[in-house]
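Listed here are the chains, written in short residue letters.
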Amino acid sequence: MKSTLKVTTAFLLFLVLLLIPGCRKGDKDLEFVLAEQYGLAYAPLQVVKEKAFLEDLLPGIKIRWVQLGNTAAIREGMLSGSVDAGFMGIPPFLIGRDRGMDWRIVTGLSITPLGLVVNKDRLKTLSDFTSQDRIALPQPGSIQHILLAKACETQLGDPRALDNHLVTLNHPDGMTALLAGAGVSAHFTSLPYLDQELKQKGMRLLLTGEEAMGEVFSFIVGVAPSALKEKHPGHVKALAEAVRLGIDFINKNPREAAKFLAPLYGLSVEETERYIMYPGQRYTTEVLGIGEFLEFMIRSGYITGKELFEDDLFW
């Protein structure tokens, strides 16, 4: 009898705790989960974290950041409800939208140098890749993949000419594989990995992202699903404002930003500041190149383009 009473009392206490606002562990209405990836292109987000801009804009909301290896993981996180918003390249955003993901762009984040680095002297053009060569990039459908496909269309007449050569690796692992010559002949990457690879003996830049695209384009944008916009419109607005504040801080205080960014990237303060100011590196909320990506990806069959209109891709 006493045992039964103890169980009943514990169960009633559990129910009471569930009914008290804020007591439910992991209450999604009290938590805002954001996903980022790797590289200095995401530096303004580190500022947002360091300065607690989102916490200030959304008092009472727990802000949680997760670092994921590619956009597929971010997309799956949004579908499962474990991620509320994320940052990615324009092509994977377009692919997700084309496949039914009800998400839109909240803000631009960065324009950054991208490059295809090779570790073999015989690889002088895209036509030199053989069946034995593998190209590391974050995933099929990533911005690096679509830029490579665009270059293949221009140079080889077939955007899919090298699709069977792709190996999915995040940037740190891609750099390790390239430098070790471990089954990888090329790595399409961004800062700081691009610069670090090119400093190593035997590494050479075969193609830049701007050469492939033919114009300047946004590398990373912030994306949120309609579920967040409908349920928490203030979160979307706060995210856009926090990113703007983070970008403004870096652009106006590169040295100060470099001091707390340096240990996060395993770099010296001087190196970090140099990367922040690197030629072609820009942090901006502006979104560039989406029309060109959209047109190419429809033309080459990476997306159907059905009911995809540029003006309807932004919140």
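Just above sits the structure.
Heads up: these notes are all about the structure in this document.

About the criteria used
- Residues numbered from 1 in each chain as written.
- Predicted model: local features only at pLDDT ≥ 70, side-chain atom pairs only at ≥ 80, totals over all residues.
- Heavy atoms only, no water.
- 1 Å grid on protein atoms, 1.4 Å probe; cavity = no way out; pocket = protein on both sides within 12 Å on 5 of 7 lines; lining within 4 Å.
- Points joined across faces, edges and corners; volume = space filled by probe spheres on them.
- Nonpolar A, V, L, I, M, F, W, Y, C, P; charged D, E, K, R; others polar.
- Pairing = 2+ DSSP bridges.
- Helix = DSSP H or I, 4+ residues; strand = E, 2+ residues; numbered from the N terminus.
- Axes fitted to C-alpha atoms, helices over the stretch in contact; angles between N-to-C directions.
- Contact = heavy atoms within 4.5 Å.
- Parallel < 35°, antiparallel > 145°, perpendicular 65-115°, else oblique.
- Left-handed = near helix turned anticlockwise from the far one by under 90°.
- Buried < 20%, exposed > 50% of the residue type's maximum accessible area, 1.4 Å probe, protein only.
- Core = buried A, V, L, I, M, F, W, Y, C linked by side-chain atoms within 4.5 Å.
- Phe/Tyr/Trp six-rings, centres within 6.5 Å; stacked < 30°, edge-to-face > 60°.
- Arc of directions from axis to C-beta.

Before going further, it helps to spend a moment on empty space enclosed by the protein. For the structure on display, the rule yields 1 cavity of 30 Å³ or more. A volume near 150 Å³ is recorded for the largest cavity. Lining the largest cavity are 17 residues, and of these Gln-37, Tyr-42, Pro-138, Gln-144 and His-171 sit closest to its centre. Among the residues making up the lining of the largest cavity, the classes are represented as 8 nonpolar, 9 polar and no charged.

The 5 strands lie next to each other as S7-S6-S8-S5-S9, forming an open sheet whose pairing is mixed. On the outer flanks of this sheet lie strand S7 (166-168) and strand S9 (204-208), each paired with one strand and no other. Strand-to-strand twist in this sheet, taken as the mean axis angle between neighbours without regard to direction, amounts to 30°. Bridging between strand S5 (residues 114-118) and S9 involves 4 bridges; their strand directions are antiparallel. Bridging across to S9, Val-117 finds its partner in Leu-205. The strands that helix H6 (residues 143-156) touches are S5, strand S6 (135-137), S7, strand S8 (186-190) and S9; relative to S5, the one it contacts most, it runs at about 75°. This element, helix H7 (residues 171-180), spans S5, S6 and S8 of the sheet and lies at about 145° to S8.

Time to look at the packing of H6 against helix H14 (residues 290-299). Packing of H6 against H14 brings their axes to within 11 Å, and their N-to-C directions diverge by 65°. Relative to H14, the element H6 lies roughly perpendicular. Helix-helix and strand crossings are classified by hand; for H6 and H14 the assignment is left-handed. Every residue of H14 that contacts H6 at Ile-143, Ile-146, Leu-147, Ala-149, Lys-150 and Glu-153 is listed here: Glu-292, Phe-293, Phe-296, Met-297 and Arg-299. The residue inventory of the contact of H6 with H14, partitioned by class, reads 7 nonpolar, no polar and 4 charged.

Pro-192 follows Leu-191 through a cis peptide bond whose omega is 0°. Even without being a glycine, Ala-52 presents a positive backbone phi close to 55°. In this structure, Ala-52 sits in the loop between helix H2 (43-50) and helix H3 (53-57). Residue Ala-52 is classed as partly exposed on the basis of its relative accessible area of 23%.

What follows covers the sheet that holds strand S3 (residues 85-88). In space, the 6 strands of this open sheet follow the order S2-S1-S3-S10-S4-S11, with mixed pairing throughout. Because the sheet does not close on itself, it has two edges, and the strands there are strand S2 (62-67) and strand S11 (282-283). Along the sheet, helix H5 (residues 90-98) contacts S3, strand S4 (103-111) and strand S10 (220-225); its crossing angle with S4, the most-contacted strand, is approximately 170°.

Attention shifts here to the nonpolar core. Counting residues in each nonpolar core, the largest one holds 96 residues, and the members touching the most others are Leu-54, Leu-116, Phe-129 and Phe-293. For this core, the leading source of residues is helix H11 (residues 233-252), giving 8 residues.

The subject of this paragraph is the packing of aromatic side chains. Counted by the stated rule, this structure contains 5 aromatic pairs. Measuring from centroid to centroid gives 6.0 Å for Phe-93 and Trp-103, while their planes differ by 35°, and the two rings are tilted. Taken together, the positions of Phe-93 in helix H5 and Trp-103 in strand S4 put the pair 10 residues apart, joining distant regions of the chain. Here Phe-93 matches Trp-103 in class, with each residue buried.

Among all positions of helix H13 (residues 269-276), only Thr-272, Tyr-275 and Ile-276 are buried. An end-on view of H13 places all buried positions within 105° of arc, on one side of the element. Residues of H13 that are buried in the fold lie against helix H8 (193-198), H11, helix H12 (254-265) and S11.

All right, on to the side chain of Gln-144 then. One can find Gln-144 in helix H6. Not counting chain neighbours up to four residues away, the residues in contact with Gln-144 comprise Leu-114, Leu-137, Pro-138, His-171, Phe-188 and Phe-219.

Here we come to the packing of H2 against H11. With their axes 8 Å apart at the nearest point, H2 and H11 run at an angle of 105° to one another. Judged by the angle between their axes, H2 and H11 are roughly perpendicular. Side by side, H2 and H11 meet where Ala-43, Pro-44, Leu-45, Val-47 and Val-48 of the first sit next to Ala-242, Val-243, Gly-246, Ile-247, Phe-249 and Ile-250 of the second. Classifying every residue of the contact of H2 with H11 gives 10 nonpolar, 1 polar and no charged.

Shape descriptors only; they carry no functional weight alone.
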